[in-house]
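Residues per chain are reported as follows:
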Amino acid sequence: MASMHSTLWLAPAKDGPLDAVVEIPGSKSLTNRHLVLAALADAPTRVVGALRSRDTDLMVEALSALGVGFEWVDSSTLLVTPLGEEALQERSPVSIDCGLAGTVMRFVPYVAALLRRPVTFDGDAAARVRPMDAVIAGLRALGADVAGGEDDFLPFTVTGSDRVAGGEISLDASGSSQFVSGPLLVGARLPRGLVVRHAGGAVPSPQHVEMTVETLRAAGVDASVGADGVSWSVAAGSISPGDVVVEPDLSNAGPFLAAALVCGGRVAIPRWPASTTQIGAEWERLLPRFGARVHREPDAFGTEQLVVTGGERISGVEADGLAELAPTAAALCALADGPSRLGGIAHLRGHETDRLAALATELSKVGSPTVETEDGLVISPTGELRPTVFGSYEDHRMATAGAIIGLAVDGLKVENIETTSKTMPDFPGMWSDMLSQKAIDFPGTEDPSAGQASVDTQGGGQ
């Protein structure tokens with residue numbers, strides 16, 4: 001169901017080729033992982049480049065309610081004072097608002113399991129239909145008491161006890177990689193450490209589990225992946241992040257990079273990491289399939305920037321496992337000159353909204369017939385797009401997909417663009433600033449695409 005918000009944003013249409021540099025805020029996925037580990041650390045942690053958005057604000061508020069201290073040193077540097085003995089022994093009940101943040105509703109209950117106080121979790125109406133079965137099962141397997149949640153959704157109440165000591169738990173994480181990441185993040189604080197074993201279909205977001213493991217290791221935790229590839233171990237011990245620097249959110253870079261294909265010209269994203277566990281790194285490999293030229297070059301910060309240059313056309317693609325990149329990719333598919341198939345993304349039905357149904361509805365409305373398959377979408381553009389109201393469904397990635405299409409469809413309006421504040425504090429301002437950076441006498445580029453291409457990233461989750 002689309003959002004009930006009545007605000008409509010007139011999406012700016014393209015006005016000549018771009019020559020833009022766009023600085024992307026820090027990664028939400030990394031920021032919230034760093035905040036959880038900082039909450040459990042042995043000493044205060046300084047998180048540099050922390051994202052300030054609705055999801056990260058909800059994480060700060062949730063951990064603060066449990067007794068963690070937070071101080072903004074400047075606009076993007078957060079000093080975190082971990083849980084002390086007083087917080088660990090507190091018995092008074094507390095309630096936490098998860099909003100629509102998957103990392104809050106699926107990570108923080110495991111922090112609550114370390115305490116002795118009843119902690120109630122609830123969230124937005126849309127959060128109450130996001131799957132929580134594996135979280136509830138994992139908490140109970142660890143020995144925590146979980147009241148409510150009989151239908152495997154929010155709300156529920158978690159109370160820890162001496163029984164929460166670690167060991168091995170088995171759960172089905174085929175619905176979200178967050179089901180694995182949540183318990184792993186607290187594993188070092190359990191006296192017996194923790195082994196998490198996945199029992200079910202494929203985990204939809206291996207990059208995000210890898211991100212969790214690497215974040216743990218960077219904090220001095222002994223974390224490893226089993227030889228079977230479906231189990232993960234965390235040894236009991238110290239958590240010592242020290243000073244951490246958050247990478248730019250590469251998934252959020254996608255809509256801006258896509259603008260280079262729609263408008264022509266080039267868009268550069270500074271501080272692109274040399275190596276990363278973020279699935280957004282796949283843009284470097286995926287966008288050439290759509291017809292872009294992609295390269296790296298030095299930026300003004302002593303690092304590298306990723307530069308995407310649009311071609312003469314946007315090609316259709318066949319791609320599997322795009323996960324959170326799928327809405328941006330689908331918007332490009334709707335503007336392509338041939339059909340596309342996106343597969344391996346059935347789990348997107350359980351994200352902020354049912355993204356497959358939402359994309360099929362909104363892309364078809366705008367004039368690019370789209371049908372759902374068992375695990376994805378088939379998009380068959382007609383080349384005859386029409387202005388409409390593009391629904392956001394309270395989903396930030398649906399809203400940015402609408403902005404991309406609006407570049408090519410004069411008069412298109414996006415409903416509730418404010419939902420982008422979930423992971424970007426001022427997306428409309430950033431979008432307008434990018435479009436104001438126009439190329440002068442841009443020479444154009446040869447089309448590097450030779451027809452429909454295929455790519456498989458095998459990624460997903462958050």
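Preceding this paragraph is the structure being described.
Residues numbered from 1 in each chain as written. Predicted model: local features only at pLDDT ≥ 70, side-chain atom pairs only at ≥ 80, totals over all residues. Heavy atoms only, no water.

### Topic: the nonpolar core
Filter applied, for reference: To define a nonpolar core, start from buried Ala, Val, Leu, Ile, Met, Phe, Trp, Tyr and Cys residues and group those joined through side-chain atoms within 4.5 Å. Partly exposed describes any residue whose relative accessible area lies between the buried limit of under 20% and the exposed limit of over 50%, with all areas from a 1.4 Å probe on protein chains only and scaled to the type maximum. Strands are runs of DSSP state E lasting at least two residues, helices are runs of H or I lasting at least four, and both sets are numbered from the N terminus onward.
Grouped together as the largest cluster of nonpolar side chains are 77 residues, with contacts concentrated most on F121 and F156. For this core, the element with the most residues is helix α4 (residues 102–112), which contributes 7 residues. Core analysis: the next-biggest nonpolar cluster, separate from the first, contains 72 residues, V22, A326, A336 and L407 among them.

### Points about the side chain of E352
Under the convention used in this document: In the analysis that follows, any N or O atom pair within 3.5 Å is treated as a polar contact, provided that within protein one partner can donate a hydrogen and the other can accept it, and provided that, for residues neighboring in sequence, both atoms belong to side chains.
Its location among the elements puts E352 in the loop between β19 (340–343) and α11 (355–366). The class of E352 is buried, set by a relative accessible area of 3%. In this structure the side chain of E352 is engaged in a polar contact, spanning 2.9 Å, whose partner is the side chain of R355. A distance of 3.3 Å separates the side chain of E352 from the side chain of K422, its partner in a polar contact.

### A closer look at the sheet that holds strand β8 (residues 145–148)
Just so we agree on the cut-off: A pair of strands is treated as paired once DSSP finds two or more bridges between them. Interaxial angle, 0 to 180 degrees, is taken between N-to-C directions of lines fitted to C-alpha atoms, where a helix line uses only the stretch in contact. Every residue pair with non-hydrogen atoms within 4.5 Å of one another is taken to be in contact.
Pairing is mixed across the open sheet formed by 4 strands, whose spatial order is β6-β7-β9-β8. On the outer flanks of this sheet lie β6 (94–97) and β8, each paired with one strand and no other. Across the sheet, the mean angle from the axis of one strand to that of its neighbour is 25°, orientation sign disregarded. Of the pairings in the sheet, the one linking β6 to strand β7 (residues 119–122) comprises 4 bridges and is parallel in character. Its bridge partner being in β7, D97 is matched across the sheet by D122. The strands touched by α4 within the sheet are β6, β7 and β9 (156–159), with β7 carrying the most contacts at an inclination of about 175°.

### Here's the deal with the packing of helix α10 (residues 326–334) against α11
Definition in use: Note that the term roughly parallel is reserved for angles under 35 degrees, roughly antiparallel for angles over 145, roughly perpendicular for angles of 65 to 115, and oblique for everything else. The crossing is said to be left-handed when, going from far helix to near helix, the turn is anticlockwise and less than a right angle, and right-handed when the turn is clockwise. Think of it as three bins: nonpolar holds Ala, Val, Leu, Ile, Met, Phe, Trp, Tyr, Cys and Pro, charged holds Asp, Glu, Lys and Arg, and polar takes everything else, Gly as well.
The interhelical angle for the contact between α10 and α11, taken along N-to-C directions, is 25°, at an axis separation of 11 Å. Judged by the inter-axis angle, α10 sits roughly parallel to α11. Considering only the axes of α10 and α11, their crossing is right-handed. Contacts between α10 and α11 involve P327, A330 and A334 from the former and R355, L359 and L363 from the latter. Residues belonging to the contact of α10 with α11 are distributed by class as follows: 5 nonpolar, no polar and 1 charged.

### A word on the state of the cysteines
Convention followed: Defined by distance alone, a disulfide is two cysteine sulfur atoms within 2.5 Å.
Tallied over the full model, the rule gives 0 disulfides. With no disulfide partner, C263 has as its closest neighbouring cysteine sulfur the one in C333, 17 Å distant. C263 gets classed as buried once you look at its relative accessible area, which sits at 11%.

### Thoughts on the environment of G402
Note that G402 resides in helix α12 (residues 396–408). Linking G402 and L412, residues 10 residues apart in sequence, is a C-alpha distance of 8.2 Å. Not counting residues within four places of it along the chain, the set of residues in contact with G402 comprises F390, L412 and V414.

### Quick notes on the sheet that holds strand β10 (residues 167–171)
Read across the open sheet, the 4 strands follow the order β10-β11-β13-β12; overall the sheet is mixed. Only two strands of the sheet have a single partner each, and these edge strands are β10 and β12 (223–225). Each strand axis lies, on average, 15° off the axis of its neighbour in the sheet, ignoring direction. Looking at chain direction, strand β11 (residues 194–198) and strand β13 (residues 231–234) are connected through 4 bridges and run antiparallel. The residue of β13 that forms the bridge with V195 is S233. Running over the sheet, helix α5 (residues 133–142) touches β10 and β11 and is turned about 155° from β10. Across the face of the sheet, helix α7 (residues 206–218) comes into contact with β12 and β13 while running at roughly 150° to β12.

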